[in-house]
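Single-letter residue listing:
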Amino acid sequence: MTDGAQEIEVKYRVGDLTALQDALTRRGVTLSAPTRQDDQAYAPAGWDYGRSKIGVAFARLRTQQDRHLFTVKTPLDNEMACLEHETEVADRQQMHQAIVAMGFRPTVRIVKTRRTGTLGEVYVCVDEVEHAGVFIEFECTARAGESGTIAQHRLDALARSLEVDLQRVSDTYDSLVRAAMAPA
């Protein structure tokens, strides 16, 4: 999503990866080869975990296959219904310094292996997230005038139609990794 579109997603913890892959194959989804994503999440100075993310702009710096992407997401209806702006940058370290200079602070590093596919107009991501586990995301762009919550209901119905062991989660990967890494 590069044009400031409202990206909508739903995320699930995967109970049985083989069953999920079989269900996706039956529905005609071909997953890509795995790619490694190295994400650094950033929050505005003054924002802390436990506070609402709604209406707050968050940044991410991702490296995947020698490409660096800078993304800003602002949650609207909830944490997984966001206005998103994204662009490629040439130098990850310089972009990191620029993000910090803009008043953001690094929060959590998220490293995952991602495979992607499509199911109709829905983008499917199967992620093995270091420290957090295996997840599947279903993503779409909100239709004109559609709320993120309504779009999420459509995506949830699609996920449930696969009839596999999935546990819906409402946290973003930064929150999930942070919780998994917290001392007991």
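The rules behind these values
Residues numbered from 1 in each chain as written. Predicted model: local features only at pLDDT ≥ 70, side-chain atom pairs only at ≥ 80, totals over all residues. Heavy atoms only, no water. Core = buried A, V, L, I, M, F, W, Y, C linked by side-chain atoms within 4.5 Å. Buried < 20%, exposed > 50% of the residue type's maximum accessible area, 1.4 Å probe, protein only. Helix = DSSP H or I, 4+ residues; strand = E, 2+ residues; numbered from the N terminus. Contact = heavy atoms within 4.5 Å. Pairing = 2+ DSSP bridges. 1 Å grid on protein atoms, 1.4 Å probe; cavity = no way out; pocket = protein on both sides within 12 Å on 5 of 7 lines; lining within 4 Å. Points joined across faces, edges and corners; volume = space filled by probe spheres on them. Nonpolar A, V, L, I, M, F, W, Y, C, P; charged D, E, K, R; others polar.

*Asks:* I tried to follow the nonpolar core on my own but got confused; where do I start?
*Replies:* Grouped burial of nonpolar side chains is what soluble globular proteins tend to show. Ranked by internal contacts, the top residues of the largest apolar core, which has 24 residues, are Leu-20, Leu-24, Ile-136, Phe-138 and Leu-166. Counting only elements with at least two residues in this core, the list comes to strand 1 (6-14), helix 1 (17-26), strand 7 (122-129), strand 8 (133-141) and helix 3 (148-160). Excluding anything up to four places from it in sequence, Leu-24 contacts Val-29, Leu-31, Val-124, Val-126, Ile-136 and Leu-162. Judged by nonpolar contacts, the second largest core, of 14 residues, contains Ile-110, Ala-132, Phe-135 and Tyr-173.

*Asks:* What should I look at first to understand the pairing of strand 6 (residues 104-119) in this one?
*Replies:* Bridge count between strand 2 (residues 35-44) and strand 6: nine bridges; the pairing is antiparallel. Paired with Gln-37 across the strands is Lys-112, a residue of strand 6. Bridge count between strand 6 and strand 7: eight bridges; the pairing is antiparallel. Residue pairing in the sheet places Lys-112 in a bridge with Val-129 of strand 7. The turn joining strand 6 and strand 7, which pair antiparallel and follow one another in sequence, is formed by two residues; a positive phi near 65 degrees is taken by Gly-120.

*Asks:* I tried to follow the environment of Leu-24 on my own but got confused; where do I start?
*Replies:* Mapped onto the elements of the fold, Leu-24 is located in helix 1. On the basis of relative accessibility, which here comes to 1%, the residue Leu-24 falls in the buried class. Considering only alpha carbons, one finds Leu-24 and Val-164, 140 residues apart in sequence, at a separation of 10.0 Å.

*Asks:* Explain the layout of surface pockets here, please?
*Replies:* Each pocket or cavity is described by its volume, and for the largest pocket that value is around 830 Å³. Of all the secondary structure elements, the ones that give two or more residues to the lining of the largest pocket are strand 1, strand 2, strand 3 (58-64), strand 4 (67-78), strand 5 (81-89), strand 6, strand 8 and helix 4 (173-181). Ranked by residues supplied to the lining of the largest pocket, first place goes to strand 2 with six residues. Considering only residue class, the lining of the largest pocket consists of 16 nonpolar, eight polar and 17 charged.

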